[in-house]
2 protein chains.
Amino acid sequence: MTPDAMLEHWQGHRRLTRRVIDAFPDDKLFSFSVGGMRPFGELAREFLRMGVPMLNGIISDEWNQSTAADAPAKAEILRRWDESTVEIDRLWRQIPAGRFEETRTAFGQWPGKVHDLLLYVIDNEIHHRGQGYVYLRALGIEPPAFYER
Amino acid sequence: MTPDAMLEHWQGHRRLTRRVIDAFPDDKLFSFSVGGMRPFGELAREFLRMGVPMLNGIISDEWNQSTAADAPAKAEILRRWDESTVEIDRLWRQIPAGRFEETRTAFGQWPGKVHDLLLYVIDNEIHHRGQGYVYLRALGIEPPAFYER
C-alpha cells in the first residue's frame, strides 16, 4: 500500500467517523454510554488527540498531545474534526518518503515502525467507532453504513 | 506497507479477536447482544466467512462464502478460527506479487483494488470486535487489551 492509498484510507474512515459523531443527539454525545465505558464524545476527543499530534511527531520528533483541549459540545468537536482533516492532508505531504519504514517512539511511550504507528491510530478509531455504533443502536438511532466512506 | 507486514497486521488482529471470542461465556456468545444487534458469535462467523473465502477468491477468482457453515458453539468457532489462521498464512504466500494492485469484484458484489478488499476484511473485523468489547463490558467482563496482538 502506497502512502497516498493509506491517507485516502484514513480520510475515508474519518469521514465515516464524522457521520457517527453527527448522528448522536447533542445531549447524548458526552453523557450516554453502555457498560460503564466512555461516551462517544470522549472517544472523538481521543481521536483528535491522536491524529494530527501523531503526524506532527512523525515529521518533527516533537510529541505533544495537548493540541486538542476539551470540547464538550458536538459543534465544537465537528469544527475541530474538519480542521484536523485539512491539517492531516497538509502534514501527510511533509512525511519524507523513507520515514514510513523507520522506527519512532510515539509520545515517548509506543515504539514501532511509522506505518504501524499510523495504522494503530486508524485501527483505534475503527475499534472505538464500532463501540459508538452500539451506543447509537441502544439509543434507537440507525448508524451510518460502515461500507460508505 | 509490504504484503508481509499486512499479513502480520491481520494475524495480530485475529489473535486479539480470538481472545475476545474466548472471553465470552459459552451461553452468551450466541445469545447476548445490545441494542438489537447480532450476538458476537454471529459476528465471528461472519469473520470466518470473509477471511479464507476472500483469499481464495483473490487467488483463483472463484468466489464462494459457503466454506464456513453454522457453528453455534464456542469450541467449534475457536477450532475453525485456528484452522483459518493456518490457511490464511498458507494462501497469503500464493498471492502473486502484482495482484495487490489489481482490481477484483469480491463475491460478485464489491469491486476494489485487492489491497483495499483485504483491508476491508480487516477493518470489518476491528469494527465488529469493538462492538464485542461493549457486549463484554455490559456483561461485566473485562475485555482483552486492544493494543496487545
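The coordinates are above.
Residues numbered from 1 in each chain as written. Chains lettered and ligands numbered in written order. Predicted model: local features only at pLDDT ≥ 70, side-chain atom pairs only at ≥ 80, totals over all residues. Heavy atoms only, no water.

A. Expanded view of helix α1 (residues 3-23) of chain B. Compared with the 30 Å implied by 1.5 Å per residue over 21 residues, the 30 Å span of α1 of chain B between its first and last C-alpha is a close match. On its buried side, α1 of chain B packs onto α5 (114-138) of chain A together with α2 (26-29), α3 (40-60), α4 (74-92) and α5 (114-138) of chain B. (Helix = DSSP H or I, 4+ residues; strand = E, 2+ residues; numbered from the N terminus. Expected span 1.5 Å × (residues − 1). Contact = heavy atoms within 4.5 Å.)

B. Region of interest: the packing of helix α1 (residues 3-23) of chain A against α5 of chain A. Residues and elements named next belong to chain A. In the contact formed by α1 and α5, the axes pass within 10 Å of each other and the chain directions differ by 25°. In terms of orientation, α1 lies roughly parallel with respect to α5. Seen from above, α1 lies across α5 with left-handed handedness. Across the interface between the two elements, M6, H9, W10, H13, R14, L16, T17, V20 and A23 from α1 touch H115, L118, L119, V121, I122, E125, I126, R129, Y133 and L136 from α5. Split by residue class, the contact of α1 with α5 holds 12 nonpolar, four polar and three charged. (Axes fitted to C-alpha atoms, helices over the stretch in contact; angles between N-to-C directions. Parallel < 35°, antiparallel > 145°, perpendicular 65-115°, else oblique. Left-handed = near helix turned anticlockwise from the far one by under 90°. Nonpolar A, V, L, I, M, F, W, Y, C, P; charged D, E, K, R; others polar.)

C. A look at the environment of L16 of chain A. Residues and elements named next belong to chain A. Along the polypeptide, L16 turns up in helix α1. Sequence separation between L16 and E148 is 132 residues, and the spatial gap between their C-alpha atoms is 7.0 Å. Apart from the residues within four sequence positions on either side, L16 is in contact with R129, Y133, P144, A145, F146, E148 and R149.

D. Examining the side chain of H115 of chain B more closely. Residue placement: H115 of chain B occurs in helix α5. Relative accessible area serves as the criterion here: at 4%, H115 of chain B is assigned to the buried category. Residues within four places of H115 of chain B in sequence aside, it is in contact with M1 and A5 of chain A together with M6, F100 and E101 of chain B. (Buried < 20%, exposed > 50% of the residue type's maximum accessible area, 1.4 Å probe, protein only.)

E. Up close: the nonpolar core. Of all hydrophobic cores here, the largest spans 88 residues; its most connected members are F40, W92 and L118 of chain A together with F40, W92 and L118 of chain B. Taken together, the elements giving at least two residues each to this core come down to α1, α3 (40-60), α4 (74-92) and α5 of chain A together with α1, α3, α4 and α5 of chain B. Other than its neighbours up to four places away in sequence, W92 of chain B contacts P3, D4, M6, L7, W10, L55, F100 and L118 of chain B. (Core = buried A, V, L, I, M, F, W, Y, C linked by side-chain atoms within 4.5 Å.)

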